Amino acid sequence: MVHAIRFHEAGGPEVMKWEEVEVGDPGPGEIRVKQTAAGLNFIDIYLRSGARPVPMPNGLGLEGAGEIIAVGEGVSDLAVGDRIGYADMPLGAYAEERVMPAKIAVKLPDGISDEQAAAMMLKGMTVQFLIKSCFPVQQGQTVLWHAAAGGVGLIACQWLNHLGVTVIGTVGSEEKAELARAHGCHHTINYKDEDFVAQVKELTDGAGVPVVYDSVGKDTLRGSMECLQRRGYLISFGNASGAPDPVELTELSAHGSIYAARPMLFDFTAERDELLACAGDLFEVVSSGAVKIEINQRYPLSETVQAHIDLVGRKTTGSTILMA
Ligand SMILES: NC(=O)c1ccc[n+]([C@@H]2O[C@H](COP(=O)([O-])OP(=O)(O)OC[C@H]3O[C@@H](n4cnc5c(N)ncnc54)[C@H](OP(=O)(O)O)[C@@H]3O)[C@@H](O)[C@H]2O)c1
């Protein structure tokens, strides 16, 4: 028997229980993994709280890394002893050991540690698809990125800076502003005290930005639309402050014929070649030293409740991992 976090009903952090579970042998196309760590992500909050309903009871967690200790029938490109990282459904990353589909696992290069992988597979691949596929940024552009000191945010600031893009980042405190600036964010706006729309207009001489990457949702989405240039792109990829009010299609034309998208990582890594390309790009930029993975919080898996409280309470910065 091993331990895992399970939940039997949606609700507050207290619904997560540290339970003994039977893991079993991997079936066809599956692997059994002894995990080093799991990654903590804001999507885990939506899933645990019921904002995104899932069947009950269930495990939690979509990101992790560790060593393969058994392979099922038909698995040809992975073997016992391989170190792997992953970021995808099915739920169950918050576990000491787990069985999972081999098709979502990516072999880790020597230069990437298990802890780094657990801290970046979901967040880093999200940045990759957002800035390379969803709205491919160009050198010289200026972009607005909300929650710039968060897990996804700190990776984005560094990667965009590396690509020659000017980053305007919003943050919830002065400490977070400093941290974002130390990771390549050129201009920070504390959106708790300042009007971020006015600040973006001032920083861009009234022009606005060609793209806003908005993961805060309810509190920022309408302001984000105001920050866009004519024919700009509103990329809404998360709801940390809650689901935004619906936007009428006609509002897009009223804001200067803007485009809006609500993308999910899993649709950009659904095919094996897409997953390997996305992860490969992430491994390369991290191995080169251009993007550093900041693990600013570590908790034992058994203390996941506290980790959730801290993430929702806006107490964390950068990546958080849960140690198996
Ligand atoms: N679409 C996708 O495929 C995809 C994939 C990965 C992540 N995401 C989204 O990306 C976002 C960032 O994820 P993450 O795991 O790296 O989390 P995170 O950014 O480390 O944490 C969320 C941050 O959002 C900010 N925030 C603003 N209003 C908030 C509120 N009312 N409650 C809580 N936080 C608030 C806080 O930063 P400040 O205090 O600085 O405001 C907080 O630290 C999330 O919205 C997540 O759902 C989407």
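Residues numbered from 1 in each chain as written. Predicted model: local features only at pLDDT ≥ 70, side-chain atom pairs only at ≥ 80, totals over all residues. Heavy atoms only, no water.

This paragraph deals with the site of the ligand. Close contacts around the ligand come from 27 residues, with Tyr-46, Lys-176, Tyr-191, Leu-265 and Arg-314 the closest. A distance of 2.9 Å is found between a nitrogen atom of the ligand and a backbone nitrogen or oxygen belonging to Pro-263. For the ligand, an oxygen atom lies 2.8 Å from a polar atom in the side chain of Arg-314. A total of 910 Å² of accessible area belongs to the ligand in isolation, and the protein chains cover 93% of it. Those elements that provide at least two residues to the shell around the ligand are helix H1 (42–49), helix H2 (114–134), helix H3 (151–162) and helix H9 (304–312). Among the elements that take part in the shell around the ligand, H2 stands out by supplying three residues, more than any other. Class assignment for the residues of the shell around the ligand results in 16 nonpolar, nine polar and two charged. Lining the shell around the ligand are residues from two domains, each supplying at least three of them: domain 1 (2–120 + 294–323) and domain 2 (139–262). (Near = heavy atom within 4 Å. Polar contact = N/O pair within 3.5 Å; in protein donor to acceptor, adjacent residues only side chain to side chain. Areas by Shrake-Rupley, 256 points an atom, 1.4 Å probe, with all protein chains shown as cover. Helix = DSSP H or I, 4+ residues; strand = E, 2+ residues; numbered from the N terminus. Nonpolar A, V, L, I, M, F, W, Y, C, P; charged D, E, K, R; others polar. Domains from an automatic or database assignment.)

Right, let's talk about the side chain of Asp-214 for a bit. Residue position: Asp-214 is located in strand S12 (residues 209–214). Here Asp-214 is buried and forms no salt bridge, its nearest opposite-charge partner Arg-262 lying at an N-O distance of 8.5 Å. A distance of 3.0 Å separates a polar atom in the side chain of Asp-214 from the backbone nitrogen of Gly-217. (Buried < 20%, exposed > 50% of the residue type's maximum accessible area, 1.4 Å probe, protein only. Lys, Arg positive; Asp, Glu negative; His and termini not counted. Salt bridge = Lys/Arg side-chain N within 4 Å of Asp/Glu carboxyl O.)

To continue, consider the sheet that holds strand S11 (residues 187–190). In any sheet, the strands associate via hydrogen bonds between backbone groups, in a parallel or an antiparallel arrangement. On the basis of which strands lie adjacent, the open sheet formed by six strands has the order S11-S10-S9-S12-S13-S14 and parallel pairing. In this open sheet, the two edge strands, each paired with only one partner strand, are S11 and strand S14 (259–261). Here the average twist between neighbouring strands, direction ignored, is 15°. Pairing of S12 with strand S13 (residues 228–236) involves five bridges; the strand directions are parallel. (Pairing = 2+ DSSP bridges. Axes fitted to C-alpha atoms, helices over the stretch in contact; angles between N-to-C directions.)

Moving on to the packing of aromatic side chains. The full count for this structure, using the stated rule, is six aromatic pairs. Three or more aromatic residues link up through ring pairs in this structure, and these residues are Phe-135, Tyr-233 and Tyr-259. (Phe/Tyr/Trp six-rings, centres within 6.5 Å; stacked < 30°, edge-to-face > 60°.)

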